[in-house]
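Observations on the three-dimensional arrangement
Chain by chain, the residues:
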Amino acid sequence: MLMEDNFAEKISTLQKNFCDLNNLFELSIIATQAESLEDLIDKISDFISQTLNLDNIRFFINQNNVYYMVANPNIENRENFQFENDDEGFWEVLNNGELTKVTADGKRPIYKSFWEKYNLYNLNSSYFKLFQKDGIPYFICSVGPKEGNMPFSDSDIKYLEKVFTYVEPILIKYIKRREQENDLRKLQKSLHNISILYNISQAVNFIDDLKRLLRVILSKALDTIEAEKGSLMLYNFTENVLQTKVVYGLADKNLEAEINNGLVECGKIKVGEGIAGSVFVEKKSIISNLGKNDPRFLKMGEDLNVSSLLCVPLIAKGEAIGVINITNKQNGKLFNKQDLEFIEALANQAAIAIDNAKLYELATKDGMTKLYIYRHFYTLLETELKRSARYNHEMTLLMMDIDNFKSVNDTYGHPVGDQVLKEIANCIQTTIRKIDIASRYGGEEFTVILPETNSMDGRVIAERLRKNISEIKIKLKDGTIIAPTISIGMSEYPSCALDEQTLIELADVALYNAKNNGKNCVCEYSPQGCTLLPRSESRQETIS
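Per-chain numbering applies: the sequence of each chain, read as written, is numbered from 1 onward. Given that this is a predicted model, residues contribute local features only at a pLDDT of at least 70 and side-chain atom pairs are listed and counted only at 80 or more, while totals for whole chains, interfaces and linings are drawn from all residues. Each side-chain value is worked out from all heavy atoms of the structure, with water and hydrogens disregarded.

1. Describing the sheet that holds strand β17 (residues 445–450)
Reading across the sheet, the six strands line up as β16-β17-β15-β20-β21-β22 and stay open at both edges, with mixed pairing between neighbours. Looking at strand neighbours, the two that pair on one side only are β16 (437–440) and β22 (529–533), the edges of this open sheet. Taken pair by pair, the neighbouring strands of this sheet meet at an average axis angle of 20 degrees, ignoring direction. Only strands that DSSP links by at least two bridges are regarded as paired with each other. By the criteria applied, helices consist of DSSP H or I runs no shorter than four residues and strands consist of E runs no shorter than two, each listed in order from the N terminus. Both β16 and β17 contribute to a ladder of four bridges, which runs antiparallel. Residue pairing across strands places R440 opposite F446, the latter belonging to β17. In what follows, residue pairs with any heavy atoms lying within 4.5 Å of each other are defined as contacts. Fitted lines through C-alpha atoms give the axes, limited to the stretch in contact for helices. The angle between two N-to-C directions lies from 0 to 180 degrees. On top of the sheet, helix α10 (residues 374–391) reaches β15 (395–402), β16, β17 and β20 (486–493); it is set at about 155 degrees to β15, its chief contact. Sitting on the sheet, helix α13 (residues 455–470) touches β15, β17, β20, β21 (522–526) and β22, and the angle it makes with β20 is about 165 degrees.

2. Thoughts on the side chain of E524
Mapped onto the elements, E524 comes out in strand β21. A polar contact is formed between the side chain of E524 and the side chain of R459, at a distance of 2.6 Å. Contacts of E524, omitting those with residues within four sequence positions, involve S455, R459, M490, A510, G529, C530, T531 and L533. Any pair of nitrogen or oxygen atoms within 3.5 Å is treated as a polar contact; in protein, a donor-acceptor pairing is required on top of that, and neighbouring residues in sequence qualify only through side-chain atoms on both sides.

3. Notes on the packing of aromatic side chains
A pair of aromatic rings is counted whenever rings of Phe, Tyr or Trp (Trp by its six-membered ring) have centres within 6.5 Å, and the orientation is called stacked for planes under 30 degrees apart, edge-to-face for over 60 and tilted otherwise. Applying the stated criterion across every chain, the model contains 23 aromatic pairs. For the ring pair F131 and F164, a centre distance of 5.4 Å and an interplane angle of 85 degrees mean the geometry is edge-to-face. Here the residue F131 occupies a position in strand β7 (residues 127–133), and F164 occupies one in helix α5 (residues 154–206), the gap between them amounting to 33 residues. Overall, F164 belongs to the buried group, its relative accessible area being 2%. Relative to Y441, the ring of F377 lies with its centre 5.7 Å away and its plane at 85 degrees, an arrangement referred to as edge-to-face. Exposed residues in this analysis have more than 50% of their type's maximum accessible area, buried residues have under 20%, and partly exposed residues fall in between, with area computed by a 1.4 Å probe over protein chains only.

4. A short note on the sheet that holds strand β9 (residues 227–236)
Pairing is antiparallel across the open sheet formed by six strands, whose spatial order is β11-β10-β9-β14-β13-β12. The two strands at the open ends of the sheet, each matched to only one other strand, are β11 (268–270) and β12 (286–288). Neighbour-to-neighbour, the strand axes of the sheet open up by a mean angle of 25 degrees, direction not taken into account. Here strand β10 (residues 241–248) pairs with β11 via three bridges, running antiparallel. Across the sheet, the residue bridging to Q243 is K268, located in β11. Packing against the sheet, helix α6 (residues 210–225) makes contact with β9, β10 and β14 (319–329), and its axis sits at approximately 70 degrees to β10.

5. Thoughts on unusual backbone geometry
With an omega dihedral of 5 degrees, the bond running from Y493 to P494 counts as a cis peptide bond. Within the secondary structure, P494 sits in the loop between β20 and α14 (500–515). A positive phi angle, close to 55 degrees, is found at K317, a residue other than glycine. One non-glycine residue, N392, lies in positive phi territory at about 60 degrees. Structurally, N392 can be placed in the loop between α10 and β15.

By themselves these figures say nothing about function.
Here's what the structure looks like:
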């Protein structure tokens, strides 16, 4: 009888071992068929749960000492179940690597302070198991009670330990592979970002149109960090405000173009106000994934669609000169540290470009009219003549002089004379084409270089300038209206001259011919002599 009992016990043990081996074989198949870490954990959870008739089983993954649920087949709200490694007594027990009982009688938590701290009462767990390798924790498995709240037998515990021993290296292998893939993606992203930053740094050297360069920078920023809109605000020293100068990504492209061309003035933010004002003052970037709900967000009377915001200071030579705003991460995502680091690098390039442009403007442009000074005009004229000679193009030069300007200064004073100069300079800039180059030649004299322009087309531009300036009206405080006019002389390369000095002299001859023939007119120099051009319909009286 004793022999029969021993024999039956051996058969039962063999059957149990066979069953365990079969289960491990099934686990190996699961491991090879899993499409992702989450899929593997979900399949392992289902397998263990069905084998032991568990009420639930959940895995948590370690991310910077915070454990997030990655498999939750029965609970939809994963945010309710996460916790941290706070190195308290409970974690000393878990670090032993053994299956740790966490509740008594199936309900009462053994580690009550930990349960209360992270509100784990609804987790409904019986055991915790920490998966680690070389002292590095990767996962925690929470094993719920058996169905019907049946107690765990010794064989159940041994089975769990055997399964966990088997799946532990598989799970860690998966997480390491995912980490390697993430590292590779981050490396590829970093290389891509470095490439963009290099291209931007080259563009800083070769794109001489500052606003175009800043649009390129904003465009690259939005594409790289996958955001919807961007803007660049510069500091206005006179008013002590930040004002938007360049935008990119607006749905209304006409409005975007008008803002970028200075035709629409955006709202101004006082220094220190709102997120942008704070970033400017403190010279520190801010990520706000609350968007317009952030209490720091400055509401300016508009219902702005801002769900997330990244604001970075523009710093040149240690001083803040503006800010870059990047708005709304695409697909409802949130801005992160990597986004911030990239935008800060771009902001450095933008600040360099702006600072260089300011230095360039100080060196080459007249402070009052913002037109090129005589010295730089001569350099530009020399360059354009060489280019015209190389490509066999015509080029026209306009010389302009304000009519009766001395009487304005004598009668109304130099501040009024300065206002006249500014108005006329602004009219010149808004009238000529983008390729044309305007300069302040002397006191009340201006020049315009018309590249790739023959005398016939030059006449049209010259007359347009004369007419537009003749329509300027400046109202003084006492109600007096000043209506300035100009006289224009023009000469063409190569029909009139082959060098810059002669071209200037001949345009000057034509200018004084216009002055001596009634003013407020255009005179063209040609090898046959000077010819007055007919005026289009406009006011023809001059300042008296």
